[in-house]
Amino acid sequence: MVKSSVLEGVGKLRTCDYPRPEIGENAILMSMELCGVCGTDIHLYGGNMRIPFPVIPGHEFVGRIEELGEGAEGLEVKGQPLSEGDLIAVVPGTNAFCGSCYFCRFMPHKPTYCTGRRVMGVNLTCSDPPHLLGGWAEEIYVDAEHYWVYKVPEGVPAKVAVLAEPMAVSSRAVERAFAPGIPTFGEGYGPGDSVVVQGAGPIGLLAIAAAKVAGAGDIVVIDMVDERLEMAGRLGADHIIDMRNHTSSEERVEEVERLTRGLGADVVIECAGVPAAVPEGIDMVRRGGKFVEVGHYTDPGNVEINPHIVCMKDMDVLGSWAYPPTQFDTALQLLRRGMESLPLSEIITHKFRVADAEEAIRTVKSKKGIKMAIIP
Ligand SMILES: [Zn+2]
Ligand SMILES: [Zn+2]
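Residues numbered from 1 in each chain as written. Chains lettered and ligands numbered in written order. Predicted model: local features only at pLDDT ≥ 70, side-chain atom pairs only at ≥ 80, totals over all residues. Heavy atoms only, no water.

1. Topic: the overall build of the protein
Part 1 of the argument: Tallying secondary structure elements over the protein gives 11 helices and 15 strands in all.
Part 2 of the argument: Principal axes of the C-alpha set define a box for the protein whose edges measure 65 × 40 × 40 Å.
Part 3 of the argument: When the 376 residues of the protein are sorted by exposure, 53% land in the buried category.
Part 4 of the argument: Approximately 16,000 Å² of the protein is accessible, and the part contributed by carbon and sulfur atoms is 51%.
Part 5 of the argument: When the 35 basic and 51 acidic side-chain charges of the protein are each reduced to a single mean position, those positions are 2 Å apart. (Helix = DSSP H or I, 4+ residues; strand = E, 2+ residues; numbered from the N terminus. Buried < 20%, exposed > 50% of the residue type's maximum accessible area, 1.4 Å probe, protein only. Areas by Shrake-Rupley, 256 points an atom, 1.4 Å probe, with all protein chains shown as cover. Lys, Arg positive; Asp, Glu negative; His and termini not counted. Charge placed at Lys NZ, Arg CZ, Asp CG, Glu CD.)

Have a look at this one:
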């Protein structure tokens, strides 16, 4: 039997034993090593997203191959042969898009737009065999034909590789600022450019690490939790704006101006998911700069924005929603490279067994620690 944590309805999480599934063609049974607990999981639990219950939550998982179905050994996305015991990371969003919606037909390179998108650990129900379609379980059943499987680069341990999914989100947000434009002409993010990251939760922290590895100039972080600010500094933030000292929006904008010789930041990445951070972030961008919105993946409400500022600054306001499956490659390479100098292995601060998943959710809500993970 395989122990899993099953979300049976809003706020109803139960430990459940499923029979070990029989392996099918092109499938992989992986033993979970670590699965991150993400804001999305909290929203699933809280009923803020519509999903077909029951679901095994958890979309940020890494593990070792326990059993390979026929044909699966050749399905690693970069062509590396797979064998039992290999550490793998799986893109939770399927590559089997509906194929018939407007976005699938006209923008096949933007798979996250598909109106029928399926994501392991989010909207795949576990009611039918093989059941194990989410990360909060001792074992996970992966249909390697319809989900991208990456072999984790040599030397990257599970506690770093487990960050591949959030790093895909964060690195795409950073990449969103690359274009449109030519960095040489001061348009778009380029080496040496200044970056402000609003919010030092896991996504903000990984955005800092991604910007650092990708050659940013000064990196400024804004938050108000000691543990997060300290980690932000260790991950590459050069300047810290502590909201407990800079209590008003005006003071924080002024501080960014001071740090950028009165110009404003080349790029601001909003990772706080707080509506008020958006006009503040827009105020922090220099003329011709870019504001990237990645924090509001659910809807916490409205905020007033002065369109004149966007117009006058001739700036870009960009949304960043999830990532294409190719982004895991970027994420794993950034983690591998970043590991050499940054404390990426310390981002997971708390671990909970599958049976204690509810406690993990409570700990995330209490804002203790940096990032929680489920272990078998
Ligand atoms: Zn996530
Ligand atoms: Zn589609």
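2. Details of the coordination of the zinc ion (ligand 2)
Part 1 of the argument: Within the first shell, the zinc ion (ligand 2) binds the protein through Cys98 (SG), Cys101 (SG), Cys104 (SG) and Cys114 (SG), at distances of 2.3 to 2.4 Å.
Part 2 of the argument: With 4 donor atoms in place around the zinc ion (ligand 2) and angles of 98 to 122 degrees between them, the coordination shape is tetrahedral.
Part 3 of the argument: Counting gaps between the donor residues of the zinc ion (ligand 2) yields the pattern C-x2-C-x2-C-x9-C.
Part 4 of the argument: Using a relative accessible area of 14% as the deciding quantity, one classes cysteine 104 as buried. (Donors = N, O, S within 2.8 Å, 3.2 Å for Na, K, Ca; no water. Tetrahedral: all angles 85-135°; square planar, octahedral: opposite > 155°, others 65-115°.)

3. Observations regarding the pairing of strand E3 (residues 27-36)
Part 1 of the argument: Of all the 10 residues making up E3, 8 are buried; the element is thus mostly covered by neighbouring parts of the structure.
Part 2 of the argument: Relative to strand E6 (residues 139-143), E3 is paired through 5 bridges, and the arrangement is antiparallel. Residue pairing in the sheet places alanine 27 in a bridge with aspartate 143 of E6.
Part 3 of the argument: Sheet topology note: the E3/strand E4 (residues 60-68) ladder contains 8 bridges and is antiparallel. Considered in E4, the bridge of leucine 29 is made with glutamate 67. (Pairing = 2+ DSSP bridges.)

4. Brief notes about the packing of helix H7 (residues 249-259) against helix H8 (residues 277-284)
Part 1 of the argument: The contact between H7 and H8 brings their axes to 9 Å, and the two run at 30 degrees. Considering their axes alone, H7 and H8 lie roughly parallel with respect to each other. Crossing of H7 over H8 shows right-handed handedness. Contacts between H7 and H8 pair Ser249, Arg252, Val253 and Val256 from the former with Glu280, Asp283 and Met284 from the latter. (Axes fitted to C-alpha atoms, helices over the stretch in contact; angles between N-to-C directions. Parallel < 35°, antiparallel > 145°, perpendicular 65-115°, else oblique. Left-handed = near helix turned anticlockwise from the far one by under 90°. Contact = heavy atoms within 4.5 Å.)

5. Focus on the coordination of the zinc ion (ligand 1)
Part 1 of the argument: Here the zinc ion (ligand 1) is held by the protein donor atoms Cys38 (SG), His59 (NE2) and Glu60 (OE), which lie 2.2 to 2.4 Å from it.
Part 2 of the argument: For the zinc ion (ligand 1), the single-chain donor residues occur in sequence as C-x20-H-E. Taken together, the residues span a long stretch of sequence, with cysteine 38 in the loop between E3 and helix H1 (39-46) and histidine 59 in the loop between H1 and E4 at a distance of 21 residues. Both residues of the pair, cysteine 38 and histidine 59, count as buried.

6. Here we look at helix H5 (residues 202-213)
Part 1 of the argument: Relative to the 16 Å expected for 12 residues at 1.5 Å per residue, H5 spans 16 Å between its end C-alpha atoms, a close match to the ideal helical length.
Part 2 of the argument: When H5 is considered as a whole, its buried residues turn out to be Pro202, Gly204, Leu205, Leu206, Ala207, Ile208, Ala209, Ala210 and Ala211.
Part 3 of the argument: In this structure, the buried side of H5 is in contact with helix H4 (164-176), strand E8 (195-198), strand E9 (219-223), helix H6 (226-234), helix H10 (327-339) and strand E15 (371-375).
Part 4 of the argument: Positive phi shows up at glycine 215, right after H5, with a value of about 90 degrees. (Expected span 1.5 Å × (residues − 1).)

7. Examining the packing of aromatic side chains
Part 1 of the argument: If you walk through the whole model with that rule in mind, you get 7 aromatic pairs.
Part 2 of the argument: Relative to phenylalanine 106, the ring of tyrosine 102 lies with its centre 4.8 Å away and its plane at 20 degrees, an arrangement referred to as stacked. With tyrosine 102 and phenylalanine 106 both in helix H2 (residues 102-106) and 4 residues apart, this pair spans about one turn of that helix.
Part 3 of the argument: Its relative accessible area of 49% is what places tyrosine 102 among the partly exposed residues.
Part 4 of the argument: Looking at phenylalanine 106, the relative accessible area reads 57%, which means it is exposed. (Phe/Tyr/Trp six-rings, centres within 6.5 Å; stacked < 30°, edge-to-face > 60°.)

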